[in-house]
Structure formats: structure tokens, C-alpha cells
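Reading the structure
Spelled out, the chains give:
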Amino acid sequence: MIRAIIFDLDGVICSTDDYHFEAWKALADSLGLSFDRKKNDRLRGVSRMASLEIVLEESQISYTPEEKQAMAEKENEIYKALLCNVRPSDCFPGVRETLQALKDREVKIAIGSSSKNTKNILTRLELIDAFDAIADGTDVTHSKPDPEVFLCAAGKLGISPSECAVVEDASAGIQAAKAAGMLAVAFGGDACTDPRADVVITKPQQLLDLANVCGDAIC
Ligand code: B16
Ligand code: MG
């Protein structure tokens, strides 16, 4: 039986990937590297430093760890400035109602995000108090596809991994959910075409359809 749902943030609750695109594009431009939407899609769900390695793939220059750290910080400064634009209305349609309906059914809800900006984004969306637990990039040392962030969320909820479902837009997140022993629900992004996903949904409300089929909790 599923007693908890762990939501990815970027791509599931809201879309901040355009801001990541702008910030990484500015960094890539300053280094004379190409960066397009296709490459940006590969950054979904992976950590900031892993994202930087993808951005630097074509570079002929070998940068020191300190230089890479400075580049990641530069991207994050640009990204954080863009996050000032995030409004409560940027929450995807159906998300708020679905979160409340899951709570009403006594299904625990958590965030499992790779982002170190999670709490800032949730505050701007006015969702900071909506979740029973938040696990994010500040809690873990290994990013998705490692299962650490989802296991951390389950631990904070006090619910066993086998009783958790994860909602993800990134293939890396689907892989992480399966590695954690959880039900993997794909919602948008490249998660939808990942054969490792257990369920594909196109609207958040479909999480409730699953609940309705199985009674009070999702099974
Ligand atoms: P930050 P998610 C992820 O969020 C993003 O999808 C990914 O593009 C980003 O690199 C990662 O967070 C780290 O973000 O630079 O803010 O720490 O999809 O796991 O909610
Ligand atoms: Mg995501």
C-alpha cells in the first residue's frame, strides 16, 4: 500500500527549468560554449555540479575544481536573481488541489528535490508549509539518479520506502525512485518515455484516481 507521495519540485510542482536554461546559457556564452534546449533537458534532476560538467563537455580547457566552483556559483547567482520572478500562480494547474486532497485522504506528502534552492522556491510559491517533509539538495551528498534524496524524504516521514510513490519529470528521478524501492510515477519530461516508470500521468489529479481505485490510500 502507498502511504506517502514524494514530489520532485522542478518540472512537477512548477517549472523553473527556463530560469536554469537562461542562467546556464549565460555561463556557456561567457565561456564561448554552445548551449541549447536539448542540452538543458539533460540537466533535469541532476545536481548543479553535475549540470556544470554537462555544460563543459565540449570545452577544450581543463578547469581546476576552484574554477568550476566559481562557475557553479555564477550560474546560481543568475538563477537566484531570476527566481525573484516566481509567483504563487506559477504552481502547475491542479497541484494545490491535489496536495490538499491527498492530505484529506491521510496520504503523507513530501518534496524530494535535487535543488539547493528548494525552500526559496516553495516559499515563493506559498507552499513552504504544505508538505509533511522536505528533502532537498542541502540534505544529500549524492544527487539523482542516486536514491539518497527519496530515502531521506521517506526517513523524515517515517514511512518505509516500499510504501512511497515518487512523482518525477526526469529520467534520473525515475531511476532514483526505482533504486529506492519506490513506485515511480512519471509526470512530464523525459520521465514519461522512460520504460522504468511504473505509471505515467498527464495531470496531478490522476494521483487521486489511483487513490480512488484503491480506497482511502493508494495501493
Ligand atoms: P540548484 P528537481 C533540480 O531540481 C533541477 O531539475 C536541475 O536542473 C538542477 O540542476 C538541480 O535541481 C539543482 O538545482 O542549482 O537549484 O541546486 O527537478 O530535482 O526539483
Ligand atoms: Mg524535476
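Within any chain, residue numbers begin from 1 and follow the written order of that chain's sequence. Chain letters start at A and ligand numbers start at 1, both assigned in the order the entries are written. Predicted model: local features are reported for residues with pLDDT of at least 70 only, side-chain atom pairs are reported and counted for 80 or more only, and whole-chain, interface and lining totals are derived from all residues. Note: side-chain values were computed over all heavy atoms of the structure, leaving out hydrogens and water.

What follows covers the sheet that holds strand S2 (residues 108–112). With respect to topology, 6 strands assemble into an open sheet ordered S3-S2-S1-S4-S5-S6, the strand pairing being parallel. Both outer strands of the open sheet, strand S3 (133–135) and strand S6 (199–201), are each paired with one neighbouring strand and no more. Neighbour-to-neighbour, the strand axes of the sheet open up by a mean angle of 25°, direction not taken into account. Across 4 bridges, the pairing between strand S4 (residues 164–168) and strand S5 (residues 183–187) is parallel. Of the residues in S5, the one forming a bridge with Glu 168 is Ala 186. Contacts were defined at the residue level, with two residues in contact if any of their heavy atoms lie within 4.5 Å. Angles run from 0 to 180 degrees between N-to-C directions of axes, and those axes are lines fitted to C-alpha atoms, restricted for helices to the stretch in contact. Helix and strand definitions follow DSSP, with helices as H or I runs of at least four residues and strands as E runs of at least two, each counted in order from the N terminus. Across the face of the sheet, helix H8 (residues 171–179) comes into contact with S4 and S5 while running at roughly 165° to S5. Two strands form a pair only when DSSP identifies at least two bridges running between them.

Attention shifts here to the coordination of the magnesium ion (ligand 2). Donor criterion used throughout: N, O or S atom within 2.8 Å of the metal, extended to 3.2 Å for Na, K and Ca. Water excluded; incomplete-looking sites may result. Taken together, the protein ligands of the magnesium ion (ligand 2) are Asp 8 (OD), Asp 10 (O) and Asp 169 (OD), with distances of 2.0 to 2.2 Å. Mapping the donors of the magnesium ion (ligand 2) onto the primary sequence gives the spacing D-x1-D-x158-D. You can see Asp 8 sitting in the loop between strand S1 (4–7) and helix H1 (17–30) and its partner Asp 169 sitting in the loop between S4 and H8, a full 161 residues away along the chain. Residue classification places Asp 8 among the buried residues on the basis of a relative accessible area of 3%. Judged by relative accessible area, which is 2%, Asp 169 ranks as buried. Relative accessibility under 20% of the residue-type maximum defines a buried residue, over 50% an exposed one, and the middle range a partly exposed one, all with a 1.4 Å probe and only protein chains included.

All right, on to the pairing of S2 then. In terms of residue burial, S2 counts as a mostly covered element, since 4 of its 5 residues are buried. As defined by bridge partners, S1 adjoins S2 across 4 bridges and the pair is classed as parallel. Looking at the pairing, Ile 6 lines up with Ala 110 of S2. As judged from the 3 bridges shared by S2 and S3, these two strands associate in the parallel manner. Bridge pairing links Gly 112 to Ala 135 in S3. Clockwise travel from the first strand over the helix to the second, with the strands pointing away from the viewer, marks a crossover as right-handed. Note on the crossover from S2 through helix H6 (residues 118–124) to S3: the handedness is right-handed.

Here we take up the site of ligand 1. Nearness is judged by heavy atoms alone; a residue qualifies as near a molecule or strand once a single heavy atom is within 4 Å of it. Close to ligand 1 lie 18 residues, the nearest being Val 46, Ser 113, Ser 115, Lys 116 and Asn 117. Residue Leu 9 places a main-chain N or O atom 3.2 Å away from an oxygen atom belonging to ligand 1. Taking Asn 117, its side chain carries an N or O atom lying 2.7 Å from an oxygen atom of ligand 1. Only protein atoms enter the 1 Å grid used here, on which a cavity is any set of points holding a 1.4 Å probe that cannot leave and a pocket is any open set flanked by protein within 12 Å on both sides along at least five of seven lines; residues with an atom within 4 Å of a point are listed as lining. Just a note on the criterion: a molecule sits in a pocket or cavity if more than half of its atoms are within 2 Å of the grid points. When each cavity is represented as a set of grid points, ligand 1 is found to reside in the largest pocket. Ten residues, namely Ala, Val, Leu, Ile, Met, Phe, Trp, Tyr, Cys and Pro, are considered nonpolar, four, namely Asp, Glu, Lys and Arg, are considered charged, and the remaining ones, Gly among them, are considered polar. Along the lines of polarity and charge, the residues of the shell around ligand 1 split into 4 nonpolar, 8 polar and 6 charged. Polar contacts, as counted here, are pairs of nitrogen or oxygen atoms within 3.5 Å of one another; within protein the pair requires one atom able to donate a hydrogen and one able to accept it, and residues that are adjacent in sequence qualify only if both atoms are side-chain atoms.

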